[in-house]
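# Commentary on secondary and tertiary structure
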Amino acid sequence: NAGVMQNPRHLVRRRGQEARLRCSPMKGHSHVYWYRQLPEEGLKFMVYLQKENIIDESGMPKERFSAEFPKEGPSILRIQQVVRGDSAAYFCASSPTGGNEQFFGPGTRLTVL
Amino acid sequence: DAKTTQPPSMDCAEGRAANLPCNHSTISGNEYVYWYRQIHSQGPQYIIHGLKNNETNEMASLIITEDRKSSTLILPHATLRDTAVYYCIVRPPREEKLTFGTGTRLTIIP
């Protein structure tokens, strides 16, 4: 059973461009979580989704950030008009049901020039 | 904000038991204690969790004090691959998100 997959692993964008980060959960997992880790800091929760629904987006910045988890395909974290402060590692996690341990992917490292 | 306090760093000799403490003095009766670790540049890895009783799995043991105000994660025979940042997390039963603190940076010394 493959683990959580994230791509790309590294992404470089210039200021003002869009970044799309993809997360494929483990097989059979319908709960997806996104976390952000700024350089030299701990992980911060961003958003929790189930298939086609956003359940908790309390950690998402109010502007430029959005997330989706469509019925088919991976979950997408989208950052519009990126700024240097968006440079971070973005981790996705999945679980089979709510309230269980979360399995994390290897992360996407976003660098904004 | 994280509801836990951990020492920022610890060293442990290879082959010895690593004991990582965590204070969670404001924990509520139905909140769980979770432990994750993050090896450099990788995604966090689940280790173990518990509510009241001590727990053991193939990776580690979790000892929770009777008053539940603190706990200790024990890696029985530390190896160099156990070098990582270890996070102790208090999680309410119906809260999905994990609130990470600053963790303990454990270094295993050869």
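Attention here is on the structure that accompanies the text. (Residues numbered from 1 in each chain as written. Chains lettered and ligands numbered in written order. Predicted model: local features only at pLDDT ≥ 70, side-chain atom pairs only at ≥ 80, totals over all residues. Heavy atoms only, no water.)

Turning our eyes to something else, we now look at the sheet that holds strand S6 (residues 61-64) of chain B. All names here are of chain B. Read from one edge to the other, the open sheet built from four strands follows the order S2-S7-S6-S5, with strand pairing classed as antiparallel. Strands at the two margins of the open sheet, each flanked by one partner only, are strand S2 (18-23) and strand S5 (55-56). Pairing analysis gives two bridges linking S5 to S6, with the strands arranged antiparallel. In the sheet register, Glu55 faces S6, and the bridge partner there is Leu62. (Pairing = 2+ DSSP bridges. Helix = DSSP H or I, 4+ residues; strand = E, 2+ residues; numbered from the N terminus.)

Before going further, it helps to spend a moment on the interface of chain A and chain B. Reports often express the size of an interface as the amount of accessible area lost when the parts come together. The interface is formed by 19 residues belonging to chain A together with 16 residues belonging to chain B. For the pair chain A and chain B, the summed buried surface comes to about 1,400 Å²; carbon and sulfur atoms form 51% of the total. For chain A, the biggest contributors to the area lost against chain B are Leu43(A), Glu101(A) and Phe104(A); these three give 34% of the whole. Scanning the region where chain A abuts chain B turns up zero salt bridges. Viewed at the interface, chain B and chain A are joined by six residue pairs in polar contact (both at pLDDT 80 or more). Every element with two or more residues in the side of chain A that touches chain B is listed here: strand S4 (31-37) and strand S5 (43-50) of chain A. (Contact = heavy atoms within 4.5 Å. Buried area = accessible area lost by both parts, 1.4 Å probe. Salt bridge = Lys/Arg side-chain N within 4 Å of Asp/Glu carboxyl O. Polar contact = N/O pair within 3.5 Å; in protein donor to acceptor, adjacent residues only side chain to side chain.)

Here the focus is the nonpolar core. Within the largest apolar cluster, 23 residues are counted, with the highest numbers of intra-cluster contacts made by Trp34(A), Met46(A), Leu77(A) and Tyr90(A). Residues Ala18(B), Leu20(B), Ala84(B) and Cys88(B) belong to the second largest nonpolar core, which totals 21 residues. (Core = buried A, V, L, I, M, F, W, Y, C linked by side-chain atoms within 4.5 Å. Buried < 20%, exposed > 50% of the residue type's maximum accessible area, 1.4 Å probe, protein only.)

Any functional reading would require information that these geometric values do not contain.
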